[in-house]
Amino acid sequence: MDVQAIRNDFPILQRKMSGRPLAYLDNGATALKPQCVIDAVTKYYTYLGANAHRGDYEMSAQVDAAFEGARKTAQKFINAKYTEEVAFTSGSTQALNEVALMVTEQMLHEGDVILTDESEHASSYLPWLQAGKKAGTKIEFIPLDEEGKITISNFKKALHDKVKVVAVAQVSNVLGQMAPIKEMAELCHERGILLVVDGAQSAPHMKVDVQDLDVDFFALSAHKLCGPTGIGILYGKKKYMDALEPVFYGGESNARFDRSGSLILKDAPLKFESGTQPIEGAIGMAAAMKYLESIGMDEIHAHEVELKHYFLDQVSDMDNLILYNKNAESGICTFNVMDQGKQIPSQDLASYLNTQGIAVRSGTHCAKMLPDVLHTFATVRASFYLYNTKEEADRLAEALRTVTLEKCIDIFF
Ligand code: PMP
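All of these numbers come straight from a predicted model, not from anything done at the bench. (Residues numbered from 1 in each chain as written. Predicted model: local features only at pLDDT ≥ 70, side-chain atom pairs only at ≥ 80, totals over all residues. Heavy atoms only, no water.)

1. Focus on the UniProt feature "domain: Aminotransferase class V" (unreviewed entry) in the protein chain
Moving on, step 1. Following the UniProt record, the feature "domain: Aminotransferase class V" (unreviewed entry) maps to residues 24–396 here.
Moving on, step 2. Summarising residues 24–396: 40% helix, 17% strand, and an end-to-end C-alpha distance of 10 Å. (UniProt positions renumbered as here; feature names shortened; annotations may be inferred. Helix = DSSP H or I, 4+ residues; strand = E, 2+ residues; numbered from the N terminus.)

Shown next, in the form of structure tokens:
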């Protein structure tokens, strides 16, 4: 992988932060955009302009082709079998909320159990919690191991007759731990359980094949894979996409309705896409997916893991660095730094790193149940992506080696 050539594709990497070259290590929050994505979005506004699925004129037909072409690209990106299985959403959050509402209202009964775990992002857990409050469903947790991982033996122990849904992330956003999705799918399907997977942190960083994994539903966000914000995908197996009633109603999702109260919906996936869609987002997402595929998802994953190992080597002698996920095979490094026997508050450390031109995330990372597992409330997360370099890992290591509580306090006074 030619990282320097890749870096040249990202105009934002020319900018500085705090007067220093930008070291963007907050890819778990969102990824930077290559020029081809910016161009794809601009092209829609510059040349195409029309709505999708509504006009009878040339521009409109061109938009339809670009929009449905983007769906095909997304279908290929996750290797879905049918186009009907891929609905556009505003991102993972909307996709996971739609699944939780549809499944809870249309497929579950009072007392049914949704199995999840304490490392889940708010967008993977809260939709089930809230939908369940009305429906009387319950949530139970798969115990995580000491590294915050789901193991098959713990998963098997957590399964019982009342479990009807398993809702987990393929890669956790705090610790970067990978769940054994394929094995979990097999165990779920032997028991008639639905497997709903939050792919927000996996799809951008590794090859995802929904047929091979055999997941029932899968969500992703374009902005984390170098695409625009405000667009993502809900994948659902065709039998469920055909059978489920959508959450939202409005223009373009219906075939016919009249004053008697009758309503005939369009077939999937259009029945899930009421209202004008983020067309430029879909086109930009497709450009991002093609861009990542042109580099190679396996190569991207290997590069991130290599950078993480390189960073771990650089800090291996630091006794005052607490690393929470040494063994997670992803580009996510989660840590805290001690000084004079005290933990530097994670936000103060992130603010110090900002002064060094390094962007990271601090806090609970929207996974507010995890501190019970980590035994600390807040952490700092550095997350590598395809355009990051060993030199940036060196800069992070050097900053962590030299930071003190006093230096952090100095920033604010
Ligand atoms: N799940 C995980 C694991 C995430 O990391 C995120 C984003 N931080 C989401 C869901 C939500 O994604 P979005 O904000 O794009 O809807």
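2. A look at unusual backbone geometry
Moving on, step 1. The peptide bond linking Ala268 to Pro269 adopts the cis configuration, its omega dihedral lying at 5°.
Moving on, step 2. By secondary structure assignment, the location of Pro269 is in the loop between β12 (263–265) and α10 (279–295).
Moving on, step 3. Backbone geometry places Ser18, a non-glycine residue, at a positive phi of 50°.
Moving on, step 4. Here Ser18 shows up in the loop between β1 (16–17) and β2 (20–21).
Moving on, step 5. On the accessibility criterion, Ser18 (39% relative accessible area) is partly exposed. (Buried < 20%, exposed > 50% of the residue type's maximum accessible area, 1.4 Å probe, protein only.)

3. Observations regarding the pattern of salt bridges
Moving on, step 1. Using the criterion set out here, one finds 14 salt bridges in the structure.
Moving on, step 2. With its nearest N and O atoms 3.4 Å apart, the salt bridge here joins Arg7 to Glu392. Linking Arg7 in helix α1 (residues 3–8) with Glu392 in helix α14 (residues 390–402), this pair joins segments that are 385 residues apart in sequence. The pair formed by Arg7 and Glu392 is uniform in burial state, with each residue classed as buried.
Moving on, step 3. Among the salt bridges present, the one from Lys76 reaches Glu293, with a minimum N-O distance of 3.7 Å. A residue pair is termed long-range when its members are at least 10 positions apart, and Lys76 in helix α3 (residues 58–78) and Glu293 in helix α10 qualify at 217 residues.
Moving on, step 4. A residue is classified by how much of its surface remains accessible, and Lys76, at 57% relative accessible area, is exposed.
Moving on, step 5. The structure contains a network of salt bridges with shared partners spanning Glu68, Arg71 and Glu273. (Salt bridge = Lys/Arg side-chain N within 4 Å of Asp/Glu carboxyl O.)

4. A few points about empty space enclosed by the protein
Moving on, step 1. Inspection of the entire model under this criterion finds four cavities of 30 Å³ or more.
Moving on, step 2. For the largest cavity, the calculated volume is near 80 Å³.
Moving on, step 3. Around the largest cavity sit Gly28, Val171, Gln201, His205, Met206, His301, Glu304, Ser330, Gly331, Ile332, Ser383 and Phe384, which together line it.
Moving on, step 4. Of the residues contributing to the lining of the largest cavity, the split by class is four nonpolar, seven polar and one charged.
Moving on, step 5. If you count residues domain by domain, the lining of the largest cavity takes at least three from each of domain 1 (3–27 + 296–412) and domain 2 (37–294).
Moving on, step 6. The space that makes up the second largest cavity amounts to roughly 70 Å³.
Moving on, step 7. Forming the boundary of the second largest cavity are Asp117, Ser119, Glu120, Leu144, Gly148, Lys149, Ile150, Ala169, Ser172, Gln177, Met178 and Ala179.
Moving on, step 8. Partitioned by chemical class, the residues of the lining of the second largest cavity number five nonpolar, four polar and three charged. (1 Å grid on protein atoms, 1.4 Å probe; cavity = no way out; pocket = protein on both sides within 12 Å on 5 of 7 lines; lining within 4 Å. Points joined across faces, edges and corners; volume = space filled by probe spheres on them. Nonpolar A, V, L, I, M, F, W, Y, C, P; charged D, E, K, R; others polar. Domains from an automatic or database assignment.)

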